[in-house]
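Each chain is listed here by its residues.
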Amino acid sequence: MSRLAAPTPERPWLVADIGGTNARFGLIEAPGGRPVRVHRMPCGEHPDLAAAASAYLQRDGQNARPSAACVAIAGPMDGDRIRLTNANWDCSAEATRRALDLDRIEVLNDFAALALSLPRLGDDDLLPLGGPAPTAERPMAVLGPGTGLGVAGLRPVAGGWLPISGEGGHVDVPAVDERELEAVRLLRADQGTVTAECVLSGPGLTRLHGAVARMHGVRRDALSAADICASPDDPVCAETLDLFCALLGGFAGNVALTLGATGGVFIGGGVPPRISGILLCSDFRRRFEEKRRMIDYVKDIATVLIVAPTPALLGTAARLDQCLETR
């Protein structure tokens, strides 16, 4: 693998966060730097990663000539293959490197990148959701409802941090009370298995809204996640958001226990920042702590909402910094 050169304004690093709906790009012009010239573009407007990156560099990157890139993708890693779970891109990392004339390309799961961003987030990037302050130098976890539901951990190791990625969003839905179980029963009748991602995501909000309407015998057209988040005064939308926050809290508590995330559990994704006020007043934290014999364990774990606009780009930059330091 080619040695990694430090970024400069003339030969920056390209960093990218490729979600199921949008791709975000930026440039790193110095080691340890934050992304500049950040731009978002819909994945559906481009056939693959190389085409999207080229369009960014020609327009918003001001024809920059990056020497290296780090790409976070919303899907599992499979060798050289870049495949998105919720979009139609299926391409090769090596072919992308050649197409962009890069010396080196790094590819990682989008939530592994989000995990790597955690030590770089400042107070202005975070909103406390209950519990104590995050504890530095302890294991942390991050999860986030967006187009899908991502989960990752971050563990301290000698000289830095190690991200732990997986597909935790596809575990069974954490329904415990009668209302949640009834909603899941209705959804299961429609689609069979109901995973956490089936309800804790943007599309999941739409599914939950439909289930809540049916529970009350109300006929409603399907609403988008954005419409539901923007309608907290509507009784069905309000109950949907209340149910969503409670399920998210229960799921976050499960993640904390599974990963031993005593340093804090961080909530990312595209949906939670839209409902931050509702989250703060909801059953999120109560459900997070409601773990029977493990209550004393989880009550000492911070829960924090990430409000930074492009945190995964910080994580991809951190990954390239790691490569620079250990080359």
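As shown above, the structure is provided for reference.
Keep in mind it's a predicted model, so treat the numbers as computed, not measured.

Explanation requested: helix α6 (residues 202-215) in the structure shown.
Count 3.6 residues to each turn of an α-helix, and residues three or four apart come out pointing the same way. Here α6 spans 20 Å end to end across 14 residues, near enough to the 20 Å set by a 1.5 Å rise per residue. For α6, the secondary structure elements touched by its buried residues are α4 (178-191), α5 (196-199), α7 (225-229) and α8 (235-259). N-capping of α6 is provided by S201, with a side-chain oxygen placed 2.9 Å from the backbone N of G204. G217 lies just past α6 and shows a positive phi near 65°.

So what exactly am I meant to see when it comes to the packing of α4 against α6 here?
How two helices pack is summed up by the angle between their axes together with the distance between the axes. α6 packs onto α4 with a crossing angle of 110° between their chain directions and a minimal axis gap of 9 Å. On the basis of the axis angle, α4 is roughly perpendicular to α6. Contacts from R179, E182, A183, L186, L187, D190 and Q191 of α4 reach α6 at R207, L208, A211, R214 and M215. In terms of residue class, the contact of α4 with α6 is made up of 6 nonpolar, 1 polar and 5 charged.

Can you help me understand the packing of α6 against α8 in this one?
Closest axis-to-axis distance for the α6/α8 pair is 9 Å, and the angle between their directions is 120°. Comparing the axis directions of α6 and α8 gives the class oblique. Remark: the crossing between α6 and α8 carries right-handed chirality. Contacts between α6 and α8 pair L205, L208, H209, V212 and A213 from the former with V236, C237, E239, T240, L241, L243, F244 and L247 from the latter. In terms of residue class, the contact of α6 with α8 is built from 10 nonpolar, 2 polar and 1 charged.

What should I look at first to understand the environment of G159 in this one?
Assignment of secondary structure puts G159 in the loop between β10 (149-157) and β11 (160-165). With relative accessibility at 85%, the residue G159 sits in the exposed group. When the C-alpha atoms of G159 and Q322 are compared, they prove to be 9.5 Å apart, with 163 residues separating the residues in sequence.

Is there a simple way to think about the pairing of β11 in this case?
A regular strand places its side chains so that they alternate between the two faces of the sheet. Alignment of β10 against β11, held across 6 bridges, turns out to be antiparallel. Bridge assignment links V157 to a residue of β11, and that residue is G160. The hairpin formed by β10 and β11 contains 2 residues between the paired strands, and G159 there has a positive phi angle of roughly 85°.

Can you walk me through the sheet that holds β10 in this structure?
Paired through backbone hydrogen bonds, the strands of a sheet run either parallel or antiparallel to each other. As summarised here, the arrangement of the 6 strands in space is β8-β13-β12-β9-β10-β11, forming an open sheet in which the pairing is mixed. The open sheet is flanked by β8 (126-128) and β11, the only strands paired with a single partner. Put simply, the sheet's adjacent strands are angled 25° from each other on average, direction ignored. Strands in contact with α8 are β9 (140-145), β10 and β12 (264-267); relative to β9, the strand with the most contacts, it is inclined by about 150°.

It is not clear to me how the pattern of salt bridges should be interpreted in this structure. Could you clarify?
Side chains bearing opposite charge may pair, as long as their charged atoms lie close to each other. A complete count under the given rule lists 20 salt bridges for this structure. The residue R120 makes a salt bridge to D321 at a minimum N-O spacing of 2.8 Å. Of this pair, R120 sits in the loop between α3 (110-117) and β8 while D321 sits in helix α12 (residues 311-326), and the two are 201 residues apart along the sequence. Among the residues examined, R120 registers a relative accessible area of 29% and is labelled partly exposed. Judged by relative accessible area, which is 6%, D321 ranks as buried. One salt bridge connects E239 with R179, and the closest N-O pair in it is separated by 3.7 Å.

I keep staring at the sheet that holds strand β1 (residues 13-18) and nothing clicks. Help me out?
Strand order across the open sheet formed by 5 strands is β3-β2-β1-β4-β7, with mixed pairing between neighbours. Two strands in the sheet have a free side with no partner beyond their single neighbour: β3 (36-42) and β7 (104-109). Averaged over neighbouring strand pairs, the angle between their axes works out to 15° when direction is ignored. Of the strand pairs in this sheet, β1 and strand β4 (residues 68-73) are connected by 6 bridges, and their pairing is parallel. Counted as the bridge partner of W13 is A68 from β4. The strands touched by α3 are β1, β4 and β7; relative to β7, the strand with the most contacts, the crossing angle is about 95°.

How each quantity is defined
Residues numbered from 1 in each chain as written. Predicted model: local features only at pLDDT ≥ 70, side-chain atom pairs only at ≥ 80, totals over all residues. Heavy atoms only, no water. Helix = DSSP H or I, 4+ residues; strand = E, 2+ residues; numbered from the N terminus. Expected span 1.5 Å × (residues − 1). Contact = heavy atoms within 4.5 Å. Polar contact = N/O pair within 3.5 Å; in protein donor to acceptor, adjacent residues only side chain to side chain. Axes fitted to C-alpha atoms, helices over the stretch in contact; angles between N-to-C directions. Parallel < 35°, antiparallel > 145°, perpendicular 65-115°, else oblique. Nonpolar A, V, L, I, M, F, W, Y, C, P; charged D, E, K, R; others polar. Left-handed = near helix turned anticlockwise from the far one by under 90°. Buried < 20%, exposed > 50% of the residue type's maximum accessible area, 1.4 Å probe, protein only. Pairing = 2+ DSSP bridges. Salt bridge = Lys/Arg side-chain N within 4 Å of Asp/Glu carboxyl O.

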